[in-house]
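Listed here are the chains, written in short residue letters.
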Amino acid sequence: HSSAIDARNRSSRGMASANDTRETDADWARIHGVDQRAAVVTFTHRALEVVRRQRGDDEARVSDCVTIAQRGSQSDKFCGDTSSVIWPMAYVTARYVCAKTLERAEAEHATAATASERTTTLSRAEICELARRGVVTEHTSVLEIGAGAGLFGIVVAALGAKKVTLTDETMELLAANVEASGMTNAEARRLGWAIKPGVERVADSDDSDDDVNAPFGDWNEVVAFVESLAEKPHMIIGSDIMYSQNKTTMRALGDTMAALADENTAIVIGFEDRGDWGQLATFYECCEESGLFGDGQPFDNDDDDRLFITLQKKTPM
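Reference entry: report on the structure contained in this document. (Residues numbered from 1 in each chain as written. Predicted model: local features only at pLDDT ≥ 70, side-chain atom pairs only at ≥ 80, totals over all residues. Heavy atoms only, no water.)

**What to know about the packing of aromatic side chains**
Inclusion rule: Ring pairs shown here join Phe, Tyr and Trp side chains whose ring centres sit within 6.5 Å, with only the six-membered ring taken for Trp; geometry is labelled stacked below 30 degrees between planes, edge-to-face above 60, and tilted in between. Runs of H or I in DSSP of at least four residues are treated as helices and runs of E of at least two as strands, each being numbered from the N terminus. Burial classes follow relative accessibility: with a 1.4 Å probe on protein chains only, a residue under 20% of its type's maximum area counts as buried, one over 50% as exposed, and anything between as partly exposed.
Scanning the entire structure with this criterion turns up six aromatic pairs. Between Tyr96 and Phe299 the ring centres are 5.2 Å apart and the planes differ by 85 degrees, which places this aromatic pair in the edge-to-face class. One end of the pair, Tyr96, is in helix 3 (residues 88-111); the other, Phe299, is in strand 8 (residues 292-300), and 203 residues separate them in sequence. For Tyr96, a relative accessible area of 23% translates into the label partly exposed. Between Tyr96 and Phe308 the ring centres are 4.5 Å apart and the planes differ by 40 degrees, which places this aromatic pair in the tilted class. Here Phe308 lies in strand 9 (residues 303-313) and Tyr96 lies in helix 3, a separation of 212 residues in the sequence. Overall, the relative accessible area of 6% leaves Phe308 in the buried class. An aromatic cluster of three or more residues is present, and its members are Tyr96, Phe299 and Phe308.

Structure follows, in structure tokens:
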């Protein structure tokens, strides 16, 4: 698949553009365009209010915003990885899903007179196909992988998804944010990534022989997690989960997502280029080795640096 990956790499390479989540010269208070030193951050989108009101949710739970706690570098609980602060792609991907969900909800509302007329029975394949386009319905079960502080997954829960399971290895802040959100359709669970047994490991340039031969993650824990689910999720979501990851970690990510998915599950990931498109090519390569295939499209036609990646599990013939 290297030629396809190279083609994606070349076609996706491109221009930087400025928008509300990118850092500007005048915005010294922010890091990467997001204030990562604030104790709390707020995500606002009209979809959060409109969609839930149309579905007849309790008025007390209807709001157009979600507030998330974070622990930046000035916090004594700062975590020295990406899990304790919000990163721009969480905003970008959440906004995209909100916009697509709102677009469908308003179209349905315009063609149906009553809530009962808007209630339709969707098949699993139909729910997953909507999810592949970024649309969340009241039937959609969602799993976020590498959730960090939980912004993206909590926004999806606020859109009225049937259930959202937010996962990460670092749980304290994630669990606190999910609980504080008051979303009864959201839960936080620990999930590490692992490489399935029998996979031949390929070294990165900076890997030693010991690194390559060492086990990565606990595959039995992944299997136990999958078996504990009531159903395979319709939608697996993530944002910025490939950043600064080596090939071994990306293969573990691919194997873990493949174990969580069936052939209908929509896997959607927000990705931002930070000057190394080879990282994206490696991600696609690892996913294909895990049985996941797909591609990415720019969120904005004027910005090729940010992609909405969709993947689907396919069983070899």
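**Brief notes about helix 6 (residues 151-158)**
Counting buried positions along helix 6 yields eight of eight residues, so the element is predominantly enclosed. In the stretch just after helix 6, Gly160 is the one whose phi turns positive, near 95 degrees.

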